[in-house]
Structure formats: C-alpha cells, structure tokens
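# Inside the fold
The lines below spell out each chain.
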Amino acid sequence: FIDTKNFPLSELECPTASEMAKVLENSYRAANIAFIREWGQFAQDAGVDLYDIIEAIRVRSTHNNIMWPGFGVGGYCLSKDSLLADWSAKNHFKNKCGLKSSVNSVKINDRMPEDTVSLIKNKIGNMKGRTITLLGISYLNDVADTRFSPSYIFSKTCMKEGAKMIFHDPLVEFWQEMELKICNNISDLKDHKHDIVVFAVRHKDYLELPVTSMLSYFPDSVLFVDAFNILNKDKIKKLKEYGKEIIGIGKGDLNTLQKGF
C-alpha cells in the first residue's frame, strides 16, 4: 500500500521513461557526492569546516540538496545504476557517447574510502602494527545492509598496510563480505586496545554516544577520526581537553593534518 496523499506518484508515458527516472535520480546523487569529494579535500587544505559551509549554502532552497563529504558510497543503487544506464545507452539504444560524467562519478566515489586512509597516514605515517577500530560496517546509517559498503574497501586497504582491525556495528551481526562476526555491544570494546578509532557511519548510536563513554571504551586511543561529521564541535572540544587528537574528512578547521605521533 502506498500513501499517495503524502507521497504522490508520477505517471510517465512508458516503462523506459520510468526506469530512466530511477537511474537518473541515483546517478544525480552519485554525481553530487563525487563533486563534493574534491571540495572536502580543498577544505582540509584551506583549514575550514566544509560541513559548516554546506549548511550555510543549504539555506537557499535551490541548493538545499547539496551533499556532504564522507566516508564513501555503498549500497545496491548508487554504486551501479550509472554503469547500468551507460551500458544500456550504448548497447540497447546505440548512443555512441554514453554517460561519461555519470560513470566517472561512480569511479570517483569508489575511491572515497581511500581518503580516510590517506588522512590517517598523513597523521601517523606507517599503519603497520596499529590497531584501528572501525565504528560502522553497513553502507547506510541505521540499517544492517553491508552491500558494497565503503567499510570493506577501507578495511582491506588498512589491513594491506599492516594494520589490525577491530569492528563494531550496532545492527550488523555478521559481515557476510568479510565472513566475520561483528561486535554489537560497544561496551565490549573496553576489553581491547585501540590506537585509532574511526567513526564511519552515522548510526544513531554513534551520534548520541557521550564523550564519557568514548573515553571509557577507548581510553588508550590517541586518535579519533570523524569520517562523516559524526562528532559535533562540543564533543571534539571535550576530547581535545582530554588530550585526544581528532581529524576528519572535510574538517580542515581541526588543523591536525600534520604528522603528530
């Protein structure tokens, strides 16, 4: 059943038009994310918080859907719809040009998890022997879906660099792609050593996690990485007061991109 009063439907002239609407919408979102990725890197170099800038821009109704920089793009739609549309344009409808910009956006988004890897390496140097705790396995906040999750690329890259990984997600019990049982109770992490803690997914549990709990669960961690604007300014300030280092995607205002330990 669909509540068409609150969620009105549009009827197009044929199934091809309806299907194009779906893949165009997802391709637009993917392109929006790819566009903002380089601005996140620019903000880091310029020493400003891109999230604050975007919120100021979103006041304008014509720009209120501009995306945030973040940890990466996953899921079943945004990771493949542009490729599907490009294949269809070339092979089914004989369009010689294809959808180059849309396909390039997917390629850019596929590399987004590497931005967090680079951010960490710029801070600590060699990852070998470091224990990295990743908070968030699913590809989207408050769901348990891990299909094409950017956490997979990030974790594989870190392990290839010699890091040891610890995983937590409040909703994902078993990570099928990695064939791993995942810790769901964050308090259980107190039993482990943590060098680096990465906030990757905007789960409600992480957004509402108090600083006191962070200090309790990760007492020996000296570096917290905010990969998706999960730590607000007040929490960052308090963590710094306790001697913690914080870096983040698009958060150049933290001014902690130099190697520090």
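Our subject in this report is the structure included herewith. (Residues numbered from 1 in each chain as written. Predicted model: local features only at pLDDT ≥ 70, side-chain atom pairs only at ≥ 80, totals over all residues. Heavy atoms only, no water.)

## Quick word on a nonpolar patch on the surface
Where nonpolar side chains cluster on the molecular surface, the patch consists of Phe35, Trp39 and Phe42 and spans about 330 Å² of accessible area. Within the secondary structure, phenylalanine 35 is located in helix 1 (residues 15–46). (Patch = residues over 30% accessible without salt bridge, like charges linked within 9 Å, V, L, I, M, F, W, Y side chains within 5 Å. Areas by Shrake-Rupley, 256 points an atom, 1.4 Å probe, with all protein chains shown as cover. Salt bridge = Lys/Arg side-chain N within 4 Å of Asp/Glu carboxyl O. Helix = DSSP H or I, 4+ residues; strand = E, 2+ residues; numbered from the N terminus.)

## A look at unusual backbone geometry
Of note in this structure, lysine 94 is not a glycine but carries a positive phi near 60°. The exposed category is assigned to lysine 94, whose relative accessible area is 63%. In this structure, phenylalanine 148 is a non-glycine residue whose phi angle is positive, near 55°. Along the polypeptide, phenylalanine 148 turns up in the loop between strand 1 (131–135) and helix 6 (150–160). Judged by its relative accessible area of 53%, phenylalanine 148 falls in the exposed class. (Buried < 20%, exposed > 50% of the residue type's maximum accessible area, 1.4 Å probe, protein only.)

## Describing the layout of surface pockets
Size it by volume and the largest pocket reaches roughly 570 Å³. Together, 27 residues line the largest pocket, and Arg29, Ile33, Met67, Leu140 and Phe228 are the ones closest to its centre. At 3 residues, helix 1 tops the list of elements feeding residues into the lining of the largest pocket. In terms of residue class, the lining of the largest pocket is built from 17 nonpolar, 7 polar and 3 charged. In this structure, the second largest pocket occupies an estimated 370 Å³ of space. Along its surface, the second largest pocket is lined by 14 residues, and Met20, Val23, Ala85, Ser88 and Leu99 are the ones closest to its centre. Elements with a minimum of two residues in the lining of the second largest pocket: helix 1 and helix 3 (81–92). (1 Å grid on protein atoms, 1.4 Å probe; cavity = no way out; pocket = protein on both sides within 12 Å on 5 of 7 lines; lining within 4 Å. Points joined across faces, edges and corners; volume = space filled by probe spheres on them. Nonpolar A, V, L, I, M, F, W, Y, C, P; charged D, E, K, R; others polar.)

## A look at the sheet that holds strand 5 (residues 196–199)
Strand order across the open sheet formed by 5 strands is 2-1-5-6-7, with parallel pairing between neighbours. Looking along the sheet, the strands with just one partner apiece sit at the ends: strand 2 (164–168) and strand 7 (245–248). Across the sheet, the mean angle separating the axes of adjacent strands is 20° when strand polarity is ignored. Pairing analysis gives 5 bridges linking strand 1 to strand 2, with the strands arranged parallel. (Pairing = 2+ DSSP bridges. Axes fitted to C-alpha atoms, helices over the stretch in contact; angles between N-to-C directions.)

## Description of helix 2 (residues 50–57)
Three or more residues of helix 2 are buried, namely Leu50, Tyr51 and Ile54. Mapping the buried residues of helix 2 onto a view down its axis gives an arc of 100°, with all of them on the same face. Of the surrounding secondary structure, the elements contacted by the buried residues of helix 2 are helix 1. Structurally, the start of helix 2 carries an N-cap: the backbone nitrogen of tyrosine 51 is 2.9 Å from a side-chain oxygen of aspartate 49. (Arc of directions from axis to C-beta. Contact = heavy atoms within 4.5 Å. Polar contact = N/O pair within 3.5 Å; in protein donor to acceptor, adjacent residues only side chain to side chain.)

## Quick look at the pairing of strand 7
Taken together, the 4 bridges between strand 6 (residues 223–226) and strand 7 define a ladder with parallel strand orientation. By the bridge assignment for strand 7, aspartate 226 is matched with glycine 248.

## Things to note about empty space enclosed by the protein
Tallied over the full model, the rule gives 1 cavity of 30 Å³ or more. Each pocket or cavity is described by its volume, and for the largest cavity that value is around 30 Å³. Lining of the largest cavity is provided by Val73, Leu78, Ser79, Val106, Asn109 and Asp110. Within the lining of the largest cavity, the residues separate by chemical class into 3 nonpolar, 2 polar and 1 charged.

## Details of the packing of aromatic side chains
The final tally for this structure, using the stated rule, is 9 aromatic pairs. Measuring from ring centre to ring centre gives 5.7 Å for tryptophan 39 and phenylalanine 42, while their planes differ by 50°; the resulting arrangement is tilted. Residue tryptophan 39 and its partner phenylalanine 42 are both found in helix 1; the two are separated by 3 residues, about one turn of the helix. What makes tryptophan 39 partly exposed here is its relative accessible area of 37%. When the centroid spacing of 6.5 Å and the interplanar angle of 25° are considered together, the rings of phenylalanine 199 and phenylalanine 224 count as stacked. (Phe/Tyr/Trp six-rings, centres within 6.5 Å; stacked < 30°, edge-to-face > 60°.)

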